[in-house]
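# Structure assessment
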Amino acid sequence: MRVLVVGAGYAGTTAAVRLAGRSGGRVEVTLVNPRAGFVNRLRLHQIAVGRPVAAPSLRELVGTGVTLVEGEVVALDPDAGRATVSGPDGVQDVAFDRVVLATGSTTTVPVPGAEHVHAVGDLESARRLRPALAAVSAGADITVVGGGFTGLETVAELAEARPDARVRLVAAGEVGGWFTPRGRDHVQRTLARLGVEAVGDTRVRAVTPDRLLLDDGGEVPSALTVWCGGFAAPLLARAAGIAVDDRGAGRTDASMRSLSHPAVMAVGDAGHAPAPDGGRYSMSCQYAFPSAAHAADLIRAEVLGLGSGGGLDLGFTARCVSLGSRHGVLQPTDKADVAQGRAVIGSGAVAAKWVQVRGVVAAIGLERRLPGAVRWPHAARGRRDAAAVAGSGT
Ligand SMILES: Cc1cc2nc3c(=O)[nH]c(=O)nc-3n(C[C@H](O)[C@H](O)[C@H](O)COP(=O)(O)OP(=O)(O)OC[C@H]3O[C@@H](n4cnc5c(N)ncnc54)[C@H](O)[C@@H]3O)c2cc1C
């Protein structure tokens, strides 16, 4: 069986190495990615402020069992089993029997003025932000829009990098409101200590070159705006006629199989499988690793005649957010990803984040060396099935 994996982020590399390593040579795995280096996306906001971030070679990460093609899948014909790849070697067709969409997500700006904002959702955007940040004059206003994890991490990083600027966070809800009270208080206190003005319960309706226009008629000055207010999957799946949700992610059943095309699987940020509560799993490493590993296992089971396999059984355990280089929060969650219990703050949280950002890359290497090593906490069985619990706590 020829399996094409599109995108070599956490999900795509995991699916590729797991499948190649566990299918006894019965599957040819081709992995397509626009660049030869692995992007550890959890650290893009750090790239934006010029902190050194390693970019491991994808070739070394996935090993020789996977055919790596540098390029972008620019068109997909899921019925004919053909993808068009454009890369440094020109345009080529790649035939497949199954395709795993692991194209991740990028920043979306759903208000007028998108041309005036910066972002940290992909490597190119993070690299563009770096000189723009350096060019902002002392005392100027810098605004991060979006109070989710990426917004919190980004605003703290920018405030630490530019203590001479007026850094602000604009969020639709309460800043840090997702956490339990101890975590929330720590988020608010730490941002205040870093000099961040946190503006909660505020929606932006448009962005201009030097300000944000708010829903309530107000305005916020902003010489540099960084949008962390939403992410969506690339257009590839939608353009191919594959069933997608309103954020462009492939709609799948609990087995990661497309609702419209059985030969297509969609994982990580690019996939929308039904979560137990009826919604979708959050765009996160906690979902990227298990969904990809599960998809690989189902293809393997099909090839080896081991049955059709079941749906993904995934329970969340915790989330970890960094607040600059010296602070963070490790927040336990219930299995449905809702914050609960006592948040860990201080050096424990900073250490957990350190382990997380390195652990996600290490987990891929471990999966290549020990196929099947990536496991995850289960929801239904209510136990922690942990060997290398990749993504756990991210
Ligand atoms: C700054 C930042 C901080 C974050 N922090 C956290 C965190 O602390 N914890 C957490 O759980 N999550 C965090 N996230 C979210 C997390 O990064 C994503 O959920 C995760 O990257 C999803 O993994 P993925 O493999 O699905 O996609 P990605 O990691 O985005 O990888 C997708 C890959 O597909 C490639 N690709 C896209 N289109 C094509 C195409 N047409 N052809 C070929 N290749 C293609 C991309 O170039 C990329 O290499 C953060 C995100 C950001 C931006």
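This is a predicted model, so every value here is computed, not measured. (Residues numbered from 1 in each chain as written. Predicted model: local features only at pLDDT ≥ 70, side-chain atom pairs only at ≥ 80, totals over all residues. Heavy atoms only, no water.)

## Digging into the side chain of S284
Applicable threshold: Strands are runs of DSSP state E lasting at least 2 residues, helices are runs of H or I lasting at least 4, and numbering of each runs from the N terminus. Residue contacts follow a heavy-atom distance rule, with two residues in contact if any of their heavy atoms lie within 4.5 Å.
Structurally, S284 is set in the loop between β20 (271–272) and α8 (285–303). With near-sequence residues (within four places) excluded, S284 lies in contact with D269, F316 and R319.

## Comments concerning the environment of G278
Structurally, G278 is set in the loop between β20 and α8. A sequence separation of 93 residues divides G278 from D185, and the C-alpha atoms of the two residues are 30 Å apart.

## Considering the packing of helix α1 (residues 10–22) against α8
We apply this condition: To get an axis, fit a line to the C-alpha atoms, keeping to the stretch in contact for a helix; angles then go from 0 to 180 degrees between the N-to-C directions. Under this scheme an angle from 65 to 115 degrees is roughly perpendicular, one under 35 degrees roughly parallel, and one over 145 degrees roughly antiparallel; angles in between are oblique. Crossings are sorted by hand: turned counterclockwise from the far helix by less than a right angle, the near helix makes the crossing left-handed, and turned clockwise it makes it right-handed. When residues are grouped by polarity, Ala, Val, Leu, Ile, Met, Phe, Trp, Tyr, Cys and Pro land in nonpolar, Asp, Glu, Lys and Arg in charged, and all others, Gly among them, in polar.
The interhelical angle for the contact between α1 and α8, taken along N-to-C directions, is 30°, at an axis separation of 8 Å. In terms of orientation, α1 lies roughly parallel with respect to α8. Handedness of the crossing formed by α1 with α8: right-handed. Here Y10, A11, T14, A15, R18, L19 and R22 of α1 lie close against α8, whose contacting residues are C285, A288, F289, A292, A293, A296, D297, I299 and R300. Split into classes, the residues belonging to the contact of α1 with α8 amount to 11 nonpolar, 1 polar and 4 charged.

## A few points about the nonpolar core
The condition that has to hold: Think of a nonpolar core as a cluster: buried Ala, Val, Leu, Ile, Met, Phe, Trp, Tyr and Cys residues, connected wherever their side-chain atoms sit within 4.5 Å. Accessible area is worked out with a 1.4 Å probe on protein chains only. A residue is then buried under 20% of its type maximum, exposed over 50%, and partly exposed in between.
Judged by nonpolar contacts, the single largest core of 47 residues is most densely connected at V5, Y10, V100, M256, V267 and F289. Going through the elements one at a time, β1 (2–6), α1, β2 (28–33), α3 (58–62), α8 and α9 (347–369) are the ones with two or more residues in this core. For this core, the leading source of residues is α8, giving 11 residues. If near-sequence neighbours (up to four positions away) are discounted, V267 is found in contact with A11, V100, L101, A102, M256, S291, A292 and A295. V120, V155, L158 and V321 belong to the second largest nonpolar core, which has 38 residues in total.

## Looking at unusual backbone geometry
You will see that D201, though not glycine, has its phi angle at about 50°, which is positive. Its place among the elements puts D201 in the loop between β12 (197–199) and β13 (204–207). Residue D337 is not a glycine yet carries a positive backbone phi of 75°. Take D337: it is sitting in the loop between β22 (328–332) and β23 (344–345).

## Some points on a positive patch on the surface
What counts is decided by this rule: Put simply, a patch holds well-exposed residues, over 30% relative accessible area, that have no salt bridge, with like charges counted together within 9 Å and Val, Leu, Ile, Met, Phe, Trp or Tyr side chains within 5 Å. Note on areas: Shrake-Rupley with a 1.4 Å probe; residue coverage comes only from the protein chains shown. A pairing counts as a salt bridge when a side-chain nitrogen of Lys or Arg comes within 4 Å of a carboxyl oxygen of Asp or Glu. In summary, the charge assignment counts Lys and Arg as positive and Asp and Glu as negative, without counting His or the chain termini. For the purpose of locating charges, the reference atoms are NZ of Lys, CZ of Arg, CG of Asp and CD of Glu.
A cluster of basic residues, R182, R189, R193 and R342, forms a positive patch at the surface. Following the sequence through the fold, R193 ends up in helix α6 (residues 181–193).

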